[in-house]
Amino acid sequence: MRFSLFYLFFCNFIFAQTQYPKDYFRSPLDIPMQLSGNFGELRPNHFHAGFDLKTNQREGLNVYAVADGYVSRIKISTFGNGKCIYITHPNGYTTVYGHLQTTVGLIQEYINKTHYKEKSFEIEMFPKPDELPVTKGQIIALSGNTGSSEGPHLHFEFRDTKTEFVINPMFFGFDKNIKDSKKPTISSLFVYPMDNTTANQSRQPLLLNLSLQKDGTYLAGKVKANGKIGFGVNAVDFDDVSNNRNGVFNVTGFLNGDPKYNYQFNTYSFDEMRFINAFIDYPRYKKTGQRVQKLFMKTPYALSIIKTDSLNGIISVDPNLASTYRIEVSDYFGNLNSITIPLEYDSATPVINAEPAIGKYFVRYNKDSNFEKDNMSVFFPAGTFYEDFNLNFDVKNNRIYIHEDVVPVHSNFTVTIKDSTYSEALRDKLFIARLSGNSKSYNSTVRKNDVFTIKSKTLGQYGLVLDTIAPVIKIAKPIQDKWITGIKNVQFTIGDALSGIKSYNGYLNGNWVLFEYDNKTRKITHTFDDAIVAEGANDLKIEVVDNVGNSAIFETHFFRSQQK
């Protein structure tokens, strides 16, 4: 979108905030709303899709349906949102509730039946509109810490039911539940010289000094340059009731008062999530953990939250023309912070030269590329990367070296290794691993005779790894030949040193029974149900299989009487 339409864009933004129903939905919790993560917050490989709501650092709080509707999807996973339910509402929106400890009532009965029907802990269901209706304020679940959660909380989000675009929950009136009078915090500012430009005698990205002004804004040191440059800012937001570093809502770059680049976290699709790696200074993030948000696109990419001019936010510093660049950073509540940056032309000789290219193979982001040496190769389809770059590629010591993980990858590339040195019996025990120090990360590997292939989105070193070691199964409290009446559950720790666990199953007296898996502790737990366990003697068997087919079996025998 060209910035001749910039005013129209802001008018549309104002409309966007008023088109959503403000009083239709209630809070999913009955405690004061506090955020541990907000919409659009920058996360590894994705933008955060909703709110993370604090639950007083504990599990088991009531979770409520925020409006009338029906449960349209249920997903039970060991990663991601863990135990998660979706409620479709009649006004065109769907709400999502993640990291649940458990659901309740008819929803839980529906889930249990599906576990036993599919004989799996990980399941996904799409109930029909008349199967699991819910009403506003109905308790649907208890809050938890399942999946990839790093602590007890409720993940809560809004989606457009038809498009499945995620929408900022603030638009639905939840801003009334959050107090925020604080301006976003700007911790650093960088200038990025393009091509052969020199900025402050540097051809590398340069950290700029910031001076706090009396009015609370910042003034940056003067940038003296002789060509095309861009800027990047590291900014976060805090509200009045928590210490969590949340993402900012709106950032705009102005040149001499004219808007040049803007992004605003209002709504976007899941297909756009991985663009975060082009959105930030990815090499700096991988080296320092710092997420600098760029205000330019060297090569345009289709992230819908970005609105820019015809130069994609890149600024040309020309002779005989002094300019001013201003960055405004604001949160949803309109609290605003800004940086003013004086610009001046200067043709001084660089003191800091550009970083030398570490690779001798030039890759164009919009062209297919294939590199092969000895028995190993890598293929990059067009669109794998966001920009052209020089690739470092080699094969040595039975490893394929594919650059370093400092260049962001958008879509899968293919790694192929041919190896006929192993016997046919051992080839099924081989997989291609990403190798980093002593770490060997499993990749789903396809084998055809002596050719092994994987898909990956991470650059680095890869090689074949042989795994002939069976998984390990350990019971938490031995029950062999014991009476365990009154004990609520039995728990095991399972693990695999190389390829990782592919599946596990538990059998009670020869019948499959549900064991829930917690990936954070690697524990599986079966809760006894007197309708399943036998009176008197019982046999329990656990079978675990890793990703290359090695298996382990644990068997035990116990006694139990029915509880009265």
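Criteria and thresholds
- Residues numbered from 1 in each chain as written.
- Predicted model: local features only at pLDDT ≥ 70, side-chain atom pairs only at ≥ 80, totals over all residues.
- Heavy atoms only, no water.
- Salt bridge = Lys/Arg side-chain N within 4 Å of Asp/Glu carboxyl O.
- Helix = DSSP H or I, 4+ residues; strand = E, 2+ residues; numbered from the N terminus.
- Buried < 20%, exposed > 50% of the residue type's maximum accessible area, 1.4 Å probe, protein only.
- Contact = heavy atoms within 4.5 Å.
- pLDDT = per-residue confidence, 0-100.
- Pairing = 2+ DSSP bridges.
- Axes fitted to C-alpha atoms, helices over the stretch in contact; angles between N-to-C directions.

## Some thoughts on the pattern of salt bridges
The tally for this structure, following the rule as stated, stands at 16 salt bridges. Asp394 is the partner of Lys373 in a salt bridge, and the nearest nitrogen-oxygen pair spans 2.7 Å. You can see Lys373 sitting in strand E30 (residues 369–373) and its partner Asp394 sitting in strand E33 (residues 393–396), a full 21 residues away along the chain. Judged by relative accessible area, Asp394 falls into the partly exposed class, the value being 23%. Through salt bridges with shared partners, a single ionic network connects Glu424, Arg427, Asp428 and Arg447.

## Here's the deal with the environment of Arg522
Mapped onto the elements, Arg522 comes out in the loop between strand E46 (516–518) and strand E47 (523–527). On the basis of relative accessible area, Arg522 is assigned to the partly exposed category, the value being 41%. Along the sequence, Arg522 and Phe174 sit 348 residues apart, while their C-alpha atoms lie 36 Å from each other. Each residue touching Arg522, except ones within four places of it in the same chain, is listed here: Phe492, Thr493, Ile494, Gly495 and Tyr517.

## Considerations on the confidence of the model for the protein
When the pLDDT values of the protein are averaged, the result is 94; 96% of them are 70 or greater. This model gives residues 1–16 a pLDDT under 50, and the stretch forms 24 contacts once residues within four places in sequence are excluded.

## Some points on the side chain of Arg159
Counting through the fold element by element, Arg159 comes out in strand E13 (residues 153–160). Beyond its immediate chain neighbours, meaning those up to four positions away, Arg159 contacts Arg73, Tyr86, Gly92, Tyr93, Thr94, Val96, Glu164, Phe165, Val166, Ile167 and Phe270.

## Quick notes on the sheet that holds strand E9 (residues 100–103)
Strand order across the open sheet formed by three strands is E5-E12-E9, with antiparallel pairing between neighbours. For this open sheet the edge positions go to strand E5 (62–64) and E9, each flanked by a neighbour on one side alone. Averaged over all neighbouring strand pairs, the angle between strand axes comes to 35 degrees, with direction disregarded. Pairing geometry for E5 and strand E12 (residues 139–143), over three bridges, is antiparallel. The residue bridging Val63 from the neighbouring strand is Ala141, located in E12.

## Considering the pairing of E47
With five bridges joining them, strand E43 (residues 489–495) and E47 adopt antiparallel strand pairing. The partner of Val490 across the bridge, within E47, is His526. Count of turn residues in the E46/E47 antiparallel hairpin: four residues, of which Arg522 carries a positive phi of about 60 degrees.

## Focus on the sheet that holds strand E37 (residues 439–442)
The strand order E33-E34-E40-E36-E37 describes an open sheet built from five strands, whose pairing is antiparallel. Looking at strand neighbours, the two that pair on one side only are E33 and E37, the edges of this open sheet. The sheet shows a mean angle of 30 degrees between the axes of neighbouring strands, direction not considered. Alignment of strand E36 (residues 430–436) against E37, held across four bridges, turns out to be antiparallel. In the strand pairing of E37, Ala433 is matched with Tyr442.

## Section: unusual backbone geometry
Phi is positive for Asn45, close to 65 degrees, though the residue is something other than glycine. Its location among the elements puts Asn45 in the loop between strand E2 (42–43) and strand E3 (46–47). For Asn45, a relative accessible area of 36% puts it in the partly exposed group. Positive phi, normally seen in glycine, also occurs at Asp481, with a value near 60 degrees. Note that Asp481 resides in the loop between strand E41 (472–475) and strand E42 (482–483).

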